[in-house]
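For reference, the chains in residue letters:
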Amino acid sequence: MLDVRKFPKGFLLGSSGSAYQYEGAWNEDGKGPSIWDVAVHEKPSRIQDGSTGDVACDSYHLYKEDVKIMSYVGLDFFRFSFSWSRILPTGFPNCINQAGIDFYNNFIDELIKHNVTPFATIYHWDLPKQLQELGGWTNPDVVQWFVDYAKVLFDNFGHKVKIWATINEPSMICLGGYGAGLLAPFVNAYGIGEYACAEHVLLAHAKTYRLYHEVYKGKGKVGIVLNTHWFEPVTNSKEDKKAVSDIIQFELGIYANPIYDPCGDYPEVVKKRVAAKSSEQGFPRSRLPKLSYRDLKLIKGSADFLGINMYSTYFVYRNESVKGSYHVPSSLDDLEVGFSITQRPFSVATSTNPRDFYKLLVKIKKLYNNPTVYITENGLSNDGGLEDDDRIEYIAGHINALLDAVDQGCDVRAYSVWSLLDNFEWLFGYKNKYGLYEVDFSSPKRTRTPRKSAHFYRNVTQSRSIERCDL
Ligand code: FCB
């Protein structure tokens, strides 16, 4: 007999996408350009297959078909993002693009009609171009620009959308976009940019949270979506173990601590390490800007749920080889930890072990006093094909790990597969396939075809249960 396990009552199963990766219609109906529109049109291209998100899945035109698919798969919710520059072409609310408002209204209505709860992300990486010209996430004014934009969303969609994530993956935005210069807007301001950005992201998030609850008296939920890996020490040495606890604080804690810690503020180890390095490097003060008492108060407690995106594990070490191996200054140099996706020197461990997902959830429970967690992204990419047993195994394993964590008392209430459709995977273009549905990007119709994993996931949503598997 099959050993099946049921989801707890009220548990939500969904899938995720984002505006730039799905919509296409990059310059249609009054939409303004975003930093990704700019990035993908640069020559030579930084995108691995030279592609753009100009058309992507063409969901701007095909959204009704997408919702049918969601309904077939039996999603409780779909997590999508608003394109800031489709709503406000210049980024500012003096000029609202009605066609953008209409598009999202139609899309949300279609979701609701099909009993799929809309789960909206306010910002998933596509900053309006004009705001970047003013410094983007490193300009303190971005906090107010963001809140103004969020207000337009609450005004227009607040009566229909009840689950809101403010910002997707601050650490990718800040470290990728303004530190290492690896993601749009490709600003290389290592050691300064990522910390300035972090402060503004936290404040923009917290002010939006307060706006929703205090001004709108919103009945829904507002959270933030943080990305994190699980981290394993490469050896059992004291140094490697400390490297693990430090990297957790630099990746996750820098955003989660100010929201969840009873004293608020950035993690002690982050404050200490950045201050020490800054002073060694001759800076007059820490490159990590101080959060004022007012800011700390504003940020503390500003989440009804913690969205977590988790895909894989890093194997982590701290030894002589790491010293001086990163750009100076940079947050990676501040942290001074080496990491890789395979366990050196043996390369035996896999970086996508579901057991690690369980460990992460238990760790989050401990670190942040058992917050309400929604898994907002988790999934596997491969090279394509409809027989995606590898993806099924990955998702089944991770859901089992999640249910084990729930059995341990972790307050995890939702799980979302990245992604419903193959889509534009940023620097990887269309090479990395994450979809439960294959999309034929060579066809103008962008034909969607269910993979084996779509049927598998439908089975899970319909039976509200999953076969038990050993992790
Ligand atoms: C995450 C992003 C998401 C998607 C997945 C694969 O970092 O939030 O947009 O690209 O990775």
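A few points on the structure. (Residues numbered from 1 in each chain as written. Predicted model: local features only at pLDDT ≥ 70, side-chain atom pairs only at ≥ 80, totals over all residues. Heavy atoms only, no water.)

A short note on the state of the cysteines
Tallying each qualifying case throughout the model produces one disulfide. The partner cysteine of Cys-174 in its disulfide is Cys-197, sulfur to sulfur 2.1 Å. On the S-S bond that ties Cys-174 to Cys-197, the torsion sits near -70 degrees, and the link is left-handed. In this pair, Cys-174 sits in helix H8 (residues 170–179) while Cys-197 sits in helix H9 (residues 193–215), placing the two residues 23 residues apart along the sequence. Relative accessible area serves as the criterion here: at 0%, Cys-197 is assigned to the buried category. (Disulfide = S-S within 2.5 Å. Helix = DSSP H or I, 4+ residues; strand = E, 2+ residues; numbered from the N terminus. Buried < 20%, exposed > 50% of the residue type's maximum accessible area, 1.4 Å probe, protein only.)

Some thoughts on the packing of aromatic side chains
This model, assessed by the stated rule, comprises 40 aromatic pairs. Aromatic pair Tyr-104 and Phe-157: ring centres 6.5 Å apart, planes at 80 degrees, arrangement edge-to-face. Placement of the pair is Tyr-104 in helix H5 (residues 98–113) and Phe-157 in helix H7 (residues 142–157), with a sequence separation of 53 residues. When sorted by exposure, Tyr-104 lands in the same class as Phe-157, which is buried. Centre to centre, the rings of Phe-119 and Phe-305 are 5.8 Å apart; their planes meet at 80 degrees, and the pair counts as edge-to-face. Placement of the pair is Phe-119 in strand E4 (residues 117–123) and Phe-305 in strand E8 (residues 305–309), with a sequence separation of 186 residues. When the ring centre of Phe-103 is taken as reference, the NZ or CZ atom of Arg-86 above it lies at 5.9 Å. (Phe/Tyr/Trp six-rings, centres within 6.5 Å; stacked < 30°, edge-to-face > 60°. Lys NZ or Arg CZ within 6 Å of the ring centre and 35° of its normal.)

Here's the deal with the site of the ligand
Around the ligand, the surrounding shell consists of Gln-21, His-124, Trp-125, Asn-168, Glu-169, Asn-309, Tyr-311, Glu-377, Trp-418, Glu-425, Trp-426 and Tyr-434. Look at the ligand: alone it shows 290 Å² of surface, and the protein chains cover 92% of it. When atom positions are compared with the pocket grids, the ligand is found to occupy the largest pocket. Considered class by class, the residues forming the shell around the ligand number five nonpolar, four polar and three charged. (Near = heavy atom within 4 Å. Areas by Shrake-Rupley, 256 points an atom, 1.4 Å probe, with all protein chains shown as cover. 1 Å grid on protein atoms, 1.4 Å probe; cavity = no way out; pocket = protein on both sides within 12 Å on 5 of 7 lines; lining within 4 Å. Sits in = over half its atoms within 2 Å of the grid points. Nonpolar A, V, L, I, M, F, W, Y, C, P; charged D, E, K, R; others polar.)

Description of the layout of surface pockets
Put simply, the largest pocket is a space of about 1,400 Å³. Taken together, 49 residues form the lining of the largest pocket, with Met-172, Asn-227, His-229, Glu-251 and Tyr-314 sitting closest to its centre. Going through the elements one at a time, H8, H9, helix H10 (238–260) and helix H13 (331–335) are the ones with two or more residues in the lining of the largest pocket. Residues belonging to the lining of the largest pocket are distributed by class as follows: 28 nonpolar, 16 polar and five charged. Volume-wise, the second largest pocket comes out at about 230 Å³. Contributing to the lining of the second largest pocket are Leu-2, Val-4, Ala-396, Phe-456, Asn-459, Val-460, Ser-463, Ser-465, Ile-466, Glu-467, Arg-468 and Cys-469. (Points joined across faces, edges and corners; volume = space filled by probe spheres on them.)

Looking at the side chain of Asn-382
Following the sequence through the fold, Asn-382 ends up in the loop between strand E11 (373–377) and helix H15 (389–407). For Asn-382, the side chain forms a polar contact with the side chain of Arg-391, separated by 3.4 Å. The contacts of Asn-382, once residues within four sequence positions are left out, are Asp-388, Asp-390, Arg-391, Lys-431, Asn-432 and Lys-433. (Polar contact = N/O pair within 3.5 Å; in protein donor to acceptor, adjacent residues only side chain to side chain. Contact = heavy atoms within 4.5 Å.)

Concerning unusual backbone geometry
In this model, Lys-43 is joined to Pro-44 through a cis peptide bond whose omega is -10 degrees. Position of Pro-44 among the secondary structure elements: in the loop between helix H2 (35–40) and helix H3 (59–73). Looking along the chain, the bond that leaves Val-328 and enters Pro-329 is cis, with omega of -5 degrees. With respect to the helices and strands, Pro-329 occurs in the loop between strand E9 (313–317) and H13. If you check the backbone angles, Ala-25 has positive phi at about 45 degrees while not being a glycine.

Some words on the sheet that holds strand E7 (residues 230–233)
Sheet architecture is open: three strands sit in the order E7-E9-E10, paired in mixed fashion. Strands at the two margins of the open sheet, each flanked by one partner only, are E7 and strand E10 (338–340). The mean angle between the axes of side-by-side strands here comes to 35 degrees, regardless of whether they run parallel or antiparallel. Relative to E9, E7 runs parallel, the two sharing four bridges. Note that in E9 the partner of Pro-233 across the bridge is Val-316. Across the sheet, H10 is in contact with E7, E9 and E10; its angle to E7 comes to roughly 165 degrees. Packed on one face of the sheet, helix H14 (residues 354–367) meets E7 and E9 and runs near 105 degrees to E7. (Pairing = 2+ DSSP bridges. Axes fitted to C-alpha atoms, helices over the stretch in contact; angles between N-to-C directions.)

Some words on the packing of H9 against H10
The geometry of H9 relative to H10 is characterised by a closest axis approach of 11 Å and an angle of 35 degrees between their N-to-C directions. Between H9 and H10 the crossing geometry is right-handed. Facing Tyr-195, Ala-198, Val-201, Leu-202 and His-205 of H9, the residues of H10 in contact are Phe-250, Ile-254, Tyr-255, Pro-258 and Ile-259. (Left-handed = near helix turned anticlockwise from the far one by under 90°.)

Digging into empty space enclosed by the protein
If you roll a probe as big as a water molecule over the atoms, it shows you where there is empty space left. Inspection of every chain in the model, using the stated rule, returns five cavities of 30 Å³ or more. Reported here for the largest cavity is a volume of approximately 120 Å³. Contributing to the lining of the largest cavity are 15 residues, with Tyr-22, Ser-59, Phe-78, Phe-80 and Phe-107 lying nearest its centre. Within the residue set of the lining of the largest cavity, elements represented by two or more residues are helix H1 (19–22), H3, strand E3 (77–81) and H5. The element contributing the most residues to the lining of the largest cavity is H3, with four residues. Residue lining of the second largest cavity: Ala-19, Tyr-20, Glu-23, Gly-24, Trp-26, Lys-31, Ser-34, Asp-37, Gly-53, Ser-83, Arg-86 and Asp-126, and that is the complete set. When the residues that make up the lining of the second largest cavity are grouped by side-chain class, the tally is three nonpolar, four polar and five charged.

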